[in-house]
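Listed here are the chains, written in short residue letters.
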Amino acid sequence: MLKTCDVRSWRTSDADSLLRHANNRNIWLNLRDAFPHPYTKHDARAYIRSVRERTPETTFAIAVDDEAVGSVGFVLRPDVERVSAEIGYWLAEPFWGRGITTEALIALTKYAIGTHGLTRIYALPFAWNVGSCRVLEKAGYVLEARLRRSAIKDGQITDQMQYAYIA
Ligand SMILES: CC(C)(COP(=O)(O)OP(=O)(O)OC[C@H]1O[C@@H](n2cnc3c(N)ncnc32)[C@H](O)[C@@H]1OP(=O)(O)O)[C@@H](O)C(=O)NCCC(=O)NCCS
(Lines give C-alpha, C1' and ligand atoms only; values in the text may rest on other atoms or scores of the structure.)
Protein backbone atom coordinates (compact mmCIF):
# COMPACT_ATOMS: atom_id res chain seq x y z
CA MET A 1 0.00 0.00 0.00
CA LEU A 2 1.53 3.34 -1.08
CA LYS A 3 0.88 6.65 0.70
CA THR A 4 0.33 9.11 -2.16
CA CYS A 5 -1.06 6.98 -5.00
CA ASP A 6 -1.80 3.51 -6.32
CA VAL A 7 0.16 1.84 -9.08
CA ARG A 8 -2.32 -0.44 -10.82
CA SER A 9 -3.18 -1.96 -14.19
CA TRP A 10 -4.53 0.32 -16.92
CA ARG A 11 -8.27 -0.10 -17.47
CA THR A 12 -10.28 0.50 -20.63
CA SER A 13 -12.40 2.95 -18.60
CA ASP A 14 -9.29 5.15 -17.98
CA ALA A 15 -9.40 6.57 -21.54
CA ASP A 16 -11.14 9.85 -20.62
CA SER A 17 -8.82 10.70 -17.74
CA LEU A 18 -5.79 9.67 -19.80
CA LEU A 19 -6.88 12.00 -22.59
CA ARG A 20 -7.51 14.86 -20.16
CA HIS A 21 -4.11 14.61 -18.49
CA ALA A 22 -1.85 13.48 -21.34
CA ASN A 23 -2.86 16.24 -23.73
CA ASN A 24 -0.27 18.62 -22.28
CA ARG A 25 2.73 20.15 -24.03
CA ASN A 26 4.71 20.34 -20.76
CA ILE A 27 4.51 16.57 -20.51
CA TRP A 28 5.18 15.93 -24.21
CA LEU A 29 8.26 18.18 -24.09
CA ASN A 30 9.96 15.78 -21.68
CA LEU A 31 9.07 12.48 -23.34
CA ARG A 32 10.03 10.66 -26.54
CA ASP A 33 8.28 11.73 -29.73
CA ALA A 34 6.34 8.44 -29.68
CA PHE A 35 4.16 10.21 -27.07
CA PRO A 36 1.67 12.13 -29.25
CA HIS A 37 0.87 15.84 -29.13
CA PRO A 38 -1.87 16.90 -29.40
CA TYR A 39 -3.13 13.77 -27.63
CA THR A 40 -6.43 12.48 -29.02
CA LYS A 41 -9.13 10.11 -27.81
CA HIS A 42 -7.87 7.66 -30.41
CA ASP A 43 -4.34 7.90 -28.91
CA ALA A 44 -5.72 7.26 -25.41
CA ARG A 45 -7.69 4.19 -26.48
CA ALA A 46 -4.80 2.79 -28.56
CA TYR A 47 -2.34 3.27 -25.68
CA ILE A 48 -4.53 1.49 -23.13
CA ARG A 49 -5.24 -1.32 -25.59
CA SER A 50 -1.54 -1.82 -26.34
CA VAL A 51 -0.40 -1.84 -22.70
CA ARG A 52 -3.21 -4.23 -21.74
CA GLU A 53 -2.30 -6.63 -24.56
CA ARG A 54 1.38 -6.78 -23.64
CA THR A 55 2.64 -9.76 -21.64
CA PRO A 56 4.34 -9.62 -19.28
CA GLU A 57 2.57 -6.49 -18.01
CA THR A 58 5.22 -3.76 -17.69
CA THR A 59 3.28 -0.47 -17.87
CA PHE A 60 0.94 0.66 -15.09
CA ALA A 61 -1.33 3.58 -14.28
CA ILE A 62 -0.52 5.95 -11.43
CA ALA A 63 -3.90 6.51 -9.77
CA VAL A 64 -5.07 9.05 -7.20
CA ASP A 65 -8.52 8.40 -5.70
CA ASP A 66 -8.81 5.68 -8.37
CA GLU A 67 -8.40 8.21 -11.23
CA ALA A 68 -5.53 7.44 -13.63
CA VAL A 69 -3.32 10.55 -13.49
CA GLY A 70 -0.06 9.22 -14.88
CA SER A 71 1.85 6.27 -16.23
CA VAL A 72 4.98 4.40 -15.17
CA GLY A 73 6.50 1.52 -17.11
CA PHE A 74 9.65 -0.30 -18.07
CA VAL A 75 10.97 -1.84 -21.27
CA LEU A 76 12.85 -5.10 -20.85
CA ARG A 77 16.03 -5.11 -22.91
CA PRO A 78 16.73 -8.05 -25.24
CA ASP A 79 19.60 -10.50 -25.74
CA VAL A 80 22.67 -9.99 -23.52
CA GLU A 81 21.03 -6.95 -21.95
CA ARG A 82 18.10 -9.02 -20.69
CA VAL A 83 19.13 -8.24 -17.09
CA SER A 84 18.44 -4.54 -17.82
CA ALA A 85 15.34 -2.44 -18.37
CA GLU A 86 14.64 1.20 -19.20
CA ILE A 87 12.06 2.91 -17.01
CA GLY A 88 9.87 5.89 -17.90
CA TYR A 89 7.04 7.87 -16.33
CA TRP A 90 4.87 10.96 -16.46
CA LEU A 91 2.33 12.53 -14.13
CA ALA A 92 -0.57 14.92 -14.78
CA GLU A 93 0.58 18.50 -14.16
CA PRO A 94 -1.95 19.38 -11.38
CA PHE A 95 -0.40 16.60 -9.28
CA TRP A 96 3.25 17.62 -9.59
CA GLY A 97 5.31 18.32 -6.48
CA ARG A 98 3.55 15.96 -4.06
CA GLY A 99 6.08 13.13 -4.13
CA ILE A 100 3.73 10.92 -6.17
CA THR A 101 6.12 9.97 -8.96
CA THR A 102 8.97 9.28 -6.55
CA GLU A 103 6.80 6.84 -4.64
CA ALA A 104 5.52 5.18 -7.82
CA LEU A 105 9.06 4.90 -9.21
CA ILE A 106 10.39 3.27 -6.03
CA ALA A 107 7.53 0.75 -6.11
CA LEU A 108 7.92 -0.13 -9.79
CA THR A 109 11.71 -0.40 -9.54
CA LYS A 110 11.32 -2.94 -6.76
CA TYR A 111 8.60 -4.80 -8.68
CA ALA A 112 10.63 -4.95 -11.92
CA ILE A 113 13.73 -6.26 -10.16
CA GLY A 114 11.80 -8.80 -8.11
CA THR A 115 9.62 -10.07 -10.95
CA HIS A 116 12.19 -10.18 -13.75
CA GLY A 117 15.46 -10.83 -11.93
CA LEU A 118 17.01 -7.62 -13.24
CA THR A 119 20.38 -6.24 -12.17
CA ARG A 120 19.94 -2.78 -13.64
CA ILE A 121 17.20 -0.27 -14.40
CA TYR A 122 18.05 2.95 -16.14
CA ALA A 123 16.43 6.19 -17.29
CA LEU A 124 17.45 8.92 -19.72
CA PRO A 125 15.88 12.29 -18.84
CA PHE A 126 16.74 15.30 -20.97
CA ALA A 127 19.36 17.50 -19.27
CA TRP A 128 16.86 20.34 -18.81
CA ASN A 129 14.48 18.05 -16.86
CA VAL A 130 15.74 18.89 -13.37
CA GLY A 131 12.53 17.62 -11.73
CA SER A 132 12.89 14.17 -13.28
CA CYS A 133 16.58 13.98 -12.32
CA ARG A 134 15.58 14.81 -8.75
CA VAL A 135 12.88 12.11 -8.75
CA LEU A 136 15.45 9.54 -9.90
CA GLU A 137 17.93 10.61 -7.20
CA LYS A 138 15.24 10.43 -4.51
CA ALA A 139 14.40 6.89 -5.71
CA GLY A 140 18.03 5.74 -5.34
CA TYR A 141 19.17 6.07 -8.96
CA VAL A 142 22.73 7.30 -9.53
CA LEU A 143 23.95 9.56 -12.33
CA GLU A 144 26.36 7.62 -14.55
CA ALA A 145 26.86 9.80 -17.58
CA ARG A 146 25.85 12.84 -19.51
CA LEU A 147 25.19 11.72 -23.06
CA ARG A 148 26.20 14.91 -24.84
CA ARG A 149 24.07 16.08 -27.76
CA SER A 150 22.46 12.64 -27.96
CA ALA A 151 18.83 13.61 -28.67
CA ILE A 152 16.67 16.13 -30.45
CA LYS A 153 13.38 17.32 -28.94
CA ASP A 154 11.12 20.07 -30.22
CA GLY A 155 13.83 20.94 -32.76
CA GLN A 156 16.48 21.39 -30.07
CA ILE A 157 19.58 19.22 -29.69
CA THR A 158 19.96 18.20 -26.05
CA ASP A 159 22.12 16.16 -23.68
CA GLN A 160 20.55 13.18 -21.89
CA MET A 161 21.37 12.26 -18.28
CA GLN A 162 21.92 8.52 -17.78
CA TYR A 163 20.73 7.39 -14.36
CA ALA A 164 20.76 3.78 -13.12
CA TYR A 165 19.55 1.76 -10.17
CA ILE A 166 21.69 -1.32 -9.51
CA ALA A 167 20.24 -4.38 -7.74
C1 LIG B 1 9.13 14.90 -13.75
C2 LIG B 1 7.81 14.48 -13.10
C3 LIG B 1 7.56 13.03 -13.39
C4 LIG B 1 7.95 14.72 -11.58
O5 LIG B 1 6.81 14.21 -10.93
P6 LIG B 1 6.40 14.67 -9.43
O7 LIG B 1 5.37 13.72 -8.95
O8 LIG B 1 6.10 16.12 -9.44
O9 LIG B 1 7.78 14.41 -8.66
P10 LIG B 1 7.99 14.43 -7.08
O11 LIG B 1 6.98 15.32 -6.45
O12 LIG B 1 8.07 13.02 -6.62
O13 LIG B 1 9.45 15.06 -6.96
C14 LIG B 1 9.81 16.20 -7.73
C15 LIG B 1 11.13 16.73 -7.19
O16 LIG B 1 11.73 17.53 -8.18
C17 LIG B 1 11.92 18.84 -7.69
N18 LIG B 1 11.77 19.75 -8.83
C19 LIG B 1 10.74 19.82 -9.69
N20 LIG B 1 10.99 20.75 -10.61
C21 LIG B 1 12.19 21.27 -10.32
C22 LIG B 1 13.00 22.29 -10.90
N23 LIG B 1 12.62 22.93 -11.99
N24 LIG B 1 14.20 22.53 -10.32
C25 LIG B 1 14.60 21.86 -9.23
N26 LIG B 1 13.89 20.89 -8.64
C27 LIG B 1 12.70 20.61 -9.18
C28 LIG B 1 10.86 19.00 -6.62
O29 LIG B 1 11.20 20.03 -5.73
C30 LIG B 1 10.94 17.61 -5.97
O31 LIG B 1 12.09 17.44 -5.18
P32 LIG B 1 12.07 17.59 -3.57
O33 LIG B 1 11.12 16.54 -3.06
O34 LIG B 1 13.49 17.37 -3.17
O35 LIG B 1 11.56 18.98 -3.27
C36 LIG B 1 6.63 15.32 -13.64
O37 LIG B 1 6.95 16.68 -13.49
C38 LIG B 1 6.29 15.04 -15.09
O39 LIG B 1 5.48 14.19 -15.39
N40 LIG B 1 6.94 15.79 -16.02
C41 LIG B 1 6.68 15.63 -17.45
C42 LIG B 1 7.08 14.25 -17.99
C43 LIG B 1 8.49 13.84 -17.58
O44 LIG B 1 9.35 14.67 -17.41
N45 LIG B 1 8.70 12.52 -17.44
C46 LIG B 1 10.01 11.99 -17.14
C47 LIG B 1 10.79 11.80 -18.39
S48 LIG B 1 12.46 11.26 -18.05
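Residues numbered from 1 in each chain as written. Predicted model: local features only at pLDDT ≥ 70, side-chain atom pairs only at ≥ 80, totals over all residues. Heavy atoms only, no water.

A look at the site of the ligand
- Of all residues adjacent to the ligand, which total 22 residues, the nearest are Gly-97, Thr-102, Asn-129, Arg-134 and Lys-138.
- Between the ligand and Gly-97 there is a distance of 2.7 Å, counted from an oxygen atom to a backbone nitrogen or oxygen.
- Take Asn-129: an N or O atom from its side chain is 2.7 Å from an oxygen atom of the ligand.
- Computed on the free molecule, the ligand has an accessible area of 970 Å², of which 70% lies beneath the protein chains in the complex.
- Of all the cavities here, the one that holds the ligand is the largest pocket. (Near = heavy atom within 4 Å. Polar contact = N/O pair within 3.5 Å; in protein donor to acceptor, adjacent residues only side chain to side chain. Areas by Shrake-Rupley, 256 points an atom, 1.4 Å probe, with all protein chains shown as cover. 1 Å grid on protein atoms, 1.4 Å probe; cavity = no way out; pocket = protein on both sides within 12 Å on 5 of 7 lines; lining within 4 Å. Sits in = over half its atoms within 2 Å of the grid points.)

Concerning the layout of surface pockets
- Looking at the largest pocket, its volume works out to about 1,300 Å³.
- Lining the largest pocket are 47 residues; nearest its centre among them are Asn-30, Leu-31, Gly-88, Tyr-89 and Trp-90.
- Elements that contribute at least two residues to the lining of the largest pocket include exactly helix H2 (25–28), helix H3 (41–53), strand E3 (67–76), strand E4 (84–91), helix H4 (100–116) and helix H5 (130–138).
- Looking at which element gives the most residues to the lining of the largest pocket, the answer is E4, with 6 residues. (Points joined across faces, edges and corners; volume = space filled by probe spheres on them. Helix = DSSP H or I, 4+ residues; strand = E, 2+ residues; numbered from the N terminus.)

Observations regarding the pattern of salt bridges
- The full count for this structure, using the stated rule, is 11 salt bridges.
- Arg-11 is paired through a salt bridge with Asp-66; the nearest N and O atoms lie 3.2 Å apart. One end of the pair, Arg-11, is in the loop between strand E1 (6–8) and helix H1 (15–22); the other, Asp-66, is in the loop between strand E2 (59–64) and E3, with 55 residues separating them in the sequence.
- On the accessibility criterion, Asp-66 (44% relative accessible area) is partly exposed.
- As a salt-bridge pair, Lys-153 and Asp-33 come within 2.7 Å of each other at their nearest N and O atoms. (Salt bridge = Lys/Arg side-chain N within 4 Å of Asp/Glu carboxyl O. Buried < 20%, exposed > 50% of the residue type's maximum accessible area, 1.4 Å probe, protein only.)

Looking at the packing of H4 against H5
- Contact pair H4 / H5: the axes reach a minimum separation of 9 Å and the direction vectors enclose 45°. The angle between the axes of H4 and H5 places the two elements in the oblique class. The chirality of how H4 crosses H5 is right-handed. On the side of H4, the interface is formed by Thr-101, Thr-102, Leu-105 and Ile-106, while H5 contributes Val-135, Leu-136 and Lys-138.
- Each residue belonging to the contact of H4 with H5 can be placed in one class, and the counts come to 4 nonpolar, 2 polar and 1 charged. (Axes fitted to C-alpha atoms, helices over the stretch in contact; angles between N-to-C directions. Parallel < 35°, antiparallel > 145°, perpendicular 65-115°, else oblique. Left-handed = near helix turned anticlockwise from the far one by under 90°. Contact = heavy atoms within 4.5 Å. Nonpolar A, V, L, I, M, F, W, Y, C, P; charged D, E, K, R; others polar.)

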